[in-house]
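Listed below, chain by chain, are the residues.
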Amino acid sequence: MAVVASGSIAFDYILTFRGHFGDHILPDKAHVINLSFLVDSMQKRRGGVAGNYAYSLVLLGHPAAILATAGADGGEYRDWLEGLGIDCRGLRILPEEHTATGFTTTDLNDNQITGYYGGAMHRAGQLGLADTVPDPEAVIIGPNAPDAMLRLVRECREQGVRWVWDPAHQLPHMSGADLDEGGRGAWIIVGNDYEIELVRQRTGRDDRGLLELAEMVVTTFGRDGSEIATRDGVFRIPPAPARKEADPVGAGDAYRAGLVAGLLEGRGIERAGRIASLAASYAVEQTGTIEHTYSREEFVERFRQVYGEEPW
């Protein structure tokens, strides 16, 4: 049984600004911002949350499938994913579209400004669970066309499939009612601390209110680790320090994949959270969301070094 990774398939342009955005934004002129940053590097990488989730799942040895749309330029990406053993029957190529493309600029404080062109992603609502593997073990519903995300929520609920609700950068395009719908009956609601606060504000729900929707609410804090709240208590997960910090983009997606893999393998909440943290650290250590690699044996050894126990 595979985990279905849904969301965008994209190409990412990652730009690095060797300065601080805050030094160039004048609070009393925020209504007339007109800034241009001279960046020091640019990389074009494969990305998109569906690809990111699936990549980390297979690195951890868990079967994964993609449910997403890509444009005419997405064929090579699909072939690469299939070469990793990822089931791509649910990756639909739309020849009249461009694959979604993101442009992210990161400063020295790891602050990010991103512009995103949706392209083929906007037509993802034409796909449902019937287009991917039968009887998925779980579905990660990541940022995608909002109608596609809500369609999968309804289908998971109707078919009794557990799902992870990860609205992330689609939050600006979702109402409180949308967010309630996505979380109602979810296995996990997940986001970074900024995103979870937006969910709270938009839904009018506090932490207890969110746990009335979902079994777990997961909040990530970057270098400061993460927190997994359940109806039985709150678990604070320590970070796995990165050996170097090259690029934070994609770390959150690796975390989500690691958490899902750990939970589905019966490792318990705290250990699954630590698996997630280490998976995220590998992503931070390379430029690009899926440029890192490791064997399961290497992951186990590093987990022992960081946490002093076995991951599995």
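About the cut-offs
Residues numbered from 1 in each chain as written. Predicted model: local features only at pLDDT ≥ 70, side-chain atom pairs only at ≥ 80, totals over all residues. Heavy atoms only, no water. Axes fitted to C-alpha atoms, helices over the stretch in contact; angles between N-to-C directions. Helix = DSSP H or I, 4+ residues; strand = E, 2+ residues; numbered from the N terminus. Parallel < 35°, antiparallel > 145°, perpendicular 65-115°, else oblique. Left-handed = near helix turned anticlockwise from the far one by under 90°. Contact = heavy atoms within 4.5 Å. Buried < 20%, exposed > 50% of the residue type's maximum accessible area, 1.4 Å probe, protein only. Lys, Arg positive; Asp, Glu negative; His and termini not counted. Salt bridge = Lys/Arg side-chain N within 4 Å of Asp/Glu carboxyl O. Polar contact = N/O pair within 3.5 Å; in protein donor to acceptor, adjacent residues only side chain to side chain. Pairing = 2+ DSSP bridges. Arc of directions from axis to C-beta.

Trainee: Got a minute to help me understand the packing of helix 1 (residues 49-59) against helix 7 (residues 251-264) in this structure?
Mentor: Angle between the axes and distance between the axes are the two parameters that describe a pair of packed helices. For the pair helix 1 and helix 7, interaxial distance at closest approach is 8 Å and the crossing angle is 45 degrees. In terms of their interaxial angle, helix 1 and helix 7 are classed as oblique. In the crossing of helix 1 with helix 7, the sense of the turn from one axis to the other is right-handed. In contact with Val49, Asn52, Tyr53, Ser56 and Leu57 of helix 1, helix 7 contributes Asp253, Ala254, Arg256, Ala257 and Ala261.

Trainee: What am I meant to see in the side chain of Asp107 here?
Mentor: Residue position: Asp107 is located in the loop between strand 6 (100-106) and strand 7 (112-117). Of the buried charged residues, Asp107 lacks a salt bridge, with Arg223 as the closest side chain of opposite charge at 8.6 Å. A polar atom in the side chain of Asp107 sits 2.9 Å from the backbone nitrogen of Asn111. Aside from chain neighbours lying at most four places away, what touches Asp107 is Phe17, Gly19, His20 and Phe21.

Trainee: Can you help me understand the pairing of strand 12 (residues 226-230) in this one?
Mentor: Looking down a regular strand, the side chains alternate between one sheet face and the other. Burial analysis of strand 12 places four of its five residues in the buried class, the great majority of the element. Inspection of the sheet shows strand 11 (residues 216-220) paired to strand 12 by five bridges, in the antiparallel sense. Bridge pairing in strand 12 places Met216 opposite Thr230. The turn joining strand 11 and strand 12, which pair antiparallel and follow one another in sequence, is formed by five residues; a positive phi near 60 degrees is taken by Gly222. Looking at chain direction, strand 12 and strand 13 (residues 233-237) are connected through five bridges and run antiparallel.

Trainee: Sorry, what's going on with the sheet that holds strand 7 here?
Mentor: The strands making up a sheet associate through hydrogen bonds between their backbones, and the pairing can be parallel or antiparallel. Across the sheet, four strands lie side by side as 3-2-6-7; this open sheet has mixed pairing. The sheet is open, and its two edges are formed by strand 3 (41-47) and strand 7, each paired on a single side. Strand-to-strand twist of the sheet, defined as the mean angle between neighbouring strand axes without regard to direction, takes the value 20 degrees. Bridge analysis of strand 2 (residues 10-16) against strand 6 gives seven bridges, and the strand direction is parallel. Paired with Ala10 across the bridge in strand 6 is Ala100.

Trainee: What is the right way to read helix 5 (residues 193-203) from this model?
Mentor: Residues spaced three or four apart along an α-helix face the same direction, because each turn holds 3.6 residues. Residues of helix 5 that are buried include every one of Glu195, Ile196, Val199 and Thr203, and no others. For helix 5, the buried positions fall inside an angular range of 100 degrees around the axis, keeping them on one side. Across from the buried face of helix 5, at angles greater than 90 degrees, the exposed residues are Tyr194 and Gln201. For helix 5, the elements touching its buried residues are helix 4 (176-183), strand 10 (188-192), helix 6 (207-213), strand 11 and helix 7. The distance from a side-chain oxygen at the start of helix 5 to the backbone nitrogen of Tyr194 is 3.1 Å, and the residue carrying that oxygen is Asn192. Following helix 5 by one or two positions, Gly204 adopts a phi angle in the positive range, close to 75 degrees.

Trainee: Would you mind showing me how to read the sheet that holds strand 11 here?
Mentor: Strand order across the open sheet formed by nine strands is 5-4-1-8-9-10-11-12-13, with mixed pairing between neighbours. Looking at which strands have only one partner, the edges of the open sheet turn out to be strand 5 (87-94) and strand 13. Neighbour-to-neighbour, the strand axes of this sheet turn through a mean angle of 15 degrees, independent of strand direction. Running at roughly 150 degrees to strand 10, helix 7 makes contact with strand 1 (3-6), strand 8 (138-141), strand 9 (163-165), strand 10, strand 11 and strand 12 of the sheet.

Trainee: I keep staring at the pairing of strand 11 and nothing clicks. Help me out?
Mentor: For strand 11, the buried fraction is high: five of the five residues fall into the buried class. Judged by which residues are buried, strand 11 turns out to be covered on both faces: Met216, Val218 and Thr220 on one side and Val217 and Thr219 on the other are all buried. Taken together, the five bridges between strand 10 and strand 11 define a ladder with parallel strand orientation. The residue of strand 11 that forms the bridge with Gly191 is Thr219.

Trainee: Explanation requested: helix 2 (residues 75-83) in the structure shown.
Mentor: Considered for burial, the residues of helix 2 that qualify are Gly75, Tyr77 and Leu81. Angularly, the buried residues of helix 2 cover 160 degrees about the axis, an arc narrow enough to put them on a single face. If you follow the buried residues of helix 2, they end up packed against strand 2, strand 3, helix 1, strand 4 (64-71) and strand 5. With its phi angle positive at about 95 degrees, Gly85 sits one or two positions after the end of helix 2.

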